Amino acid sequence: MDSQEYCFVDPEVVRIQLTNGHFIDIKKELNAGEQRGIFTELVKEMKIGEQAILEPSRVGLTKILAYLVGWSLTDKNNPPRPVPVSEAALKNLRTDIYSEIEKLIDAHDAALEAARAERKNAPGTPSASPAI
Amino acid sequence: MSASAAKWSSHGVDYTTDGKLKMNLTITGVEGQIRWVYHSAAVLRAWTVVSTDATRTLTASVVSQDTYRVAQRPLVFVAPHARGEWRWPVEELQIQDGALTACLGPQKA
């Protein structure tokens, strides 16, 4: 491993267009705390040695909240005012808009995961179990 | 962060030698944040920005801080107001005994 490898996540934003002309701003990469938060904020109850009980209403939502940092969505005032990103605002979206955001974030997350796996499997990268 | 109303007051209105308006401005607010890109680095209360032609100084009480993020750059001071938020880049920052003092750059849009 390169001893100079940088090991922290610097916050960077990626802008993604929605089909209705609006956009969302999402984190390019989650840090360890944010990644763990997707799961921990989903768990209703967890006991040692038992399967965690999840909160069904938060499935999917915690990942969106972990990634989403901004959007161009506005209210219906004249002139329209920006609506800040919040869990409450997300829950009040039209279902089709929510689904589109969820799919875009899932695709971004899957692409990141694939890139991480590729990096891990790259030649010269030490593995946890070296070949004998 | 709710949009608690910030207040401003001017004092010491004066003119420079070439006739330009020279104004010292003090803005106060209840809630504010120091941000590192999209992360909250510190949550502030009871903040004051004293602005002169050349300098802008922020003082505030620190409610909470993330020591890693506060050490990162660039940092921005974000203050909510009734129609949005004000943003100033942080040029220098010190936190001691729960009190923050910072030098701010020119206000961002």
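Note that the structure is predicted; figures quoted are calculated from it, not measured.

Definitions and limits used
Residues numbered from 1 in each chain as written. Chains lettered and ligands numbered in written order. Predicted model: local features only at pLDDT ≥ 70, side-chain atom pairs only at ≥ 80, totals over all residues. Helix = DSSP H or I, 4+ residues; strand = E, 2+ residues; numbered from the N terminus. Buried ≥ 20, exposed ≤ 12 C-beta atoms within 10 Å, placed from the backbone. Contact = placed C-beta atoms within 7 Å. Core = buried A, V, L, I, M, F, W, Y, C linked by C-beta atoms within 7 Å. Expected span 1.5 Å × (residues − 1). Pairing = 2+ DSSP bridges. Axes fitted to C-alpha atoms, helices over the stretch in contact; angles between N-to-C directions. pLDDT = per-residue confidence, 0-100.

Draft legend 1. Quick look at the overall build of chain B. Tallying secondary structure elements over chain B gives one helix and seven strands in all. Written out in order from the N terminus, the α and β elements of chain B read β-β-β-β-α-β-β-β. Out of the 109 residues in chain B, the part that is buried amounts to 23%. Within chain B, residue pairs in contact and separated by at least 24 positions form 42% of the contacts whose partners lie at least 6 positions apart.

Draft legend 2. Quick peek at the overall build of chain A. Helix and strand counts for chain A come out as four helices and five strands. Counting helices and strands in the order they occur from the N terminus, chain A gives β-β-α-β-β-α-β-α-α. Taken along its principal axes, the extent of the C-alpha atoms in chain A is 70 × 35 × 20 Å. Classification of the 132 residues of chain A by burial places 8% in the buried group. For chain A, the share of sequence-separated contacts (at least 6 apart) that also reach a separation of at least 24 residues comes to 49%.

Draft legend 3. Representation of the nonpolar core within the structure. Of all hydrophobic cores here, the largest spans 17 residues; its most connected members are Ile-34, Leu-58, Phe-77 and Leu-104 of chain B. Broken down by secondary-structure element, the contributors of at least two residues to this core are strand 2 (21–36), strand 3 (39–51), strand 4 (56–65), strand 5 (75–81), strand 6 (84–96) and strand 7 (99–104) of chain B. Not counting residues up to four positions away in its chain, the partners in contact with Ile-34 of chain B are Ala-41, Ala-42, Leu-44, Val-70, Leu-75, Phe-77 and Val-90 of chain B. The next biggest cluster of nonpolar side chains, apart from the first, holds nine residues, and it includes Ile-26, Ala-66, Leu-68 and Trp-71 of chain A.

Draft legend 4. Main features of helix 4 (residues 95–120) of chain A. End to end, helix 4 of chain A covers 37 Å across 26 residues, agreeing with the expected 38 Å (1.5 Å per residue, within 8%). With two of 26 residues buried, helix 4 of chain A lies mostly on the surface of the structure.

Draft legend 5. Seen up close, the sheet that holds strand 2 (residues 23–27) of chain A. Residue and element names in this part refer to chain A. Ordered in space as 1-2-5, the three strands form an open sheet in which the pairing is antiparallel. The outermost strands of the open sheet, each flanked by one partner alone, are strand 1 (13–17) and strand 5 (68–71). Direction aside, the axes of adjacent strands within the sheet are offset by 25 degrees on average. Here strand 1 pairs with strand 2 via five bridges, running antiparallel. Paired with Arg-15 across the strands is Asp-25, a residue of strand 2.

Draft legend 6. Inspection of the pairing of strand 4 of chain B at higher detail. Residues and elements named next belong to chain B. In this sheet, strand 4 lies alongside strand 3 in antiparallel orientation, the contact comprising eight bridges. Residue Thr-48 lies in a different strand from strand 4, and its bridge partner there is Thr-59. Joining the antiparallel neighbours strand 3 and strand 4 is a turn of four residues. By the bridge criterion, five bridges tie strand 4 to strand 7 in an arrangement that is antiparallel. From the neighbouring strand, Ser-61 faces strand 7, where its bridge partner is Ala-99.

Draft legend 7. The confidence of the model for chain B, seen in detail. Per-residue confidence for chain B averages 87 on the pLDDT scale, and 80% of its residues sit at or above 70. Predicted complex, confidence summary: ipTM 0.76, pTM 0.79.

Draft legend 8. Here's a closer look at unusual backbone geometry. Backbone torsion omega between Asn-78 of chain A and Pro-79 of chain A reads 0 degrees, so that peptide bond is classified as cis. Within the secondary structure layout, Pro-79 of chain A lies in the loop between strand 5 and helix 3 (87–91). The residue after Arg-73 of chain B, namely Pro-74 of chain B, is reached through a cis peptide bond having omega 0 degrees. Assignment of secondary structure puts Pro-74 of chain B in the loop between helix 1 (67–70) and strand 5. A positive phi angle, close to 55 degrees, is found at Val-37 of chain B, a residue other than glycine. As for its position among the elements, Val-37 of chain B is in the loop between strand 2 and strand 3. C-beta crowding within 10 Å serves as the criterion here: with 16 such atoms nearby, Val-37 of chain B is assigned to the partly exposed category. Here Asp-97 of chain B, not a glycine, exhibits a phi torsion of approximately 50 degrees, which is positive. Here Asp-97 of chain B lies in the loop between strand 6 and strand 7.

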